[in-house]
Amino acid sequence: MLLLSEFLFRSDFQVELDGPLFVAAGDRVAYQGDGVVVTRSGGERFEHPIRDSHWICR
C-alpha cells in the first residue's frame, strides 16, 4: 500500500488531496476537476476531494 497526500498528475501539474489516502497495488488513480477517483482492481470506485491543484512553471 502507498499513502498518498499529493502527486504530480503530469510533469507540470500538481494535485494536493484534502486528506491522505491509501492506494493498493493494482488501484488506478484518476484526476477529475474537483476530486480524485480511485478504482480498485475489483471495479469499486472511491472519490476523494482535493484541497488544491496548480500548474508548476519550470
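Right above here is the structure, for reference.
Conventions adopted
Every chain is numbered independently, its residues counted from 1 as its sequence is written. Since the coordinates come from a predicted model, pLDDT governs what is reported: local features require at least 70, and pairs of side-chain atoms require 80 or more to be given and counted, while whole-chain, interface and lining totals use all residues. Hydrogens are left out, water is left out, and the side-chain values use all remaining heavy atoms of the structure. When a carboxyl oxygen of Asp or Glu lies within 4 Å of a side-chain nitrogen of Lys or Arg, that pair is called a salt bridge. Under the scheme used here, helices are H or I runs from DSSP no shorter than 4 residues and strands are E runs no shorter than 2 residues, and both carry numbers assigned from the N terminus. Working rule for contacts: check all heavy atoms of both residues, and any pair within 4.5 Å makes them a contact. Ring pairs are drawn from Phe, Tyr and Trp, using the six-membered ring of Trp, whenever the two centres fall within 6.5 Å, and their geometry is named by plane angle: stacked under 30 degrees, edge-to-face over 60, tilted for the rest. Any residue under 20% of the maximum accessible area for its type is buried, any over 50% is exposed, and the rest in between are partly exposed; the area is computed with a 1.4 Å probe on protein chains only.

Caption draft 1: Quick peek at the pattern of salt bridges. Throughout the structure, instances matching the rule amount to 3 salt bridges. Note that Asp-12 and Arg-10 form a salt bridge whose closest N and O atoms lie 3.4 Å from each other. Residue Arg-40 is joined to Asp-27 by a salt bridge in which the shortest nitrogen-to-oxygen separation is 2.9 Å. One end of the pair, Arg-40, is in the loop between β4 (35-39) and β5 (45-55); the other, Asp-27, is in the loop between β2 (13-23) and β3 (28-32), with 13 residues separating them in the sequence.

Caption draft 2: View of the side chain of Thr-39. One can find Thr-39 in strand β4. Setting aside chain neighbours within four positions, we find Thr-39 in contact with Gly-26, Asp-27, Arg-28, Glu-44 and Arg-45.

Caption draft 3: The packing of aromatic side chains, seen in detail. In this structure the tally under the stated criterion is 4 aromatic pairs. Taking the centre distance of 6.1 Å and the plane angle of 75° together, the rings of Phe-9 and Phe-13 count as edge-to-face. Since its relative accessible area comes to 39%, Phe-9 is described here as partly exposed. Residue Phe-13 is classed as buried on the basis of its relative accessible area, which comes to 9%. By way of ring pairs, the aromatic residues Phe-9, Phe-13, Tyr-31 and Trp-55 are connected into one cluster.

The analysis is restricted to geometry; functional conclusions fall outside its scope.
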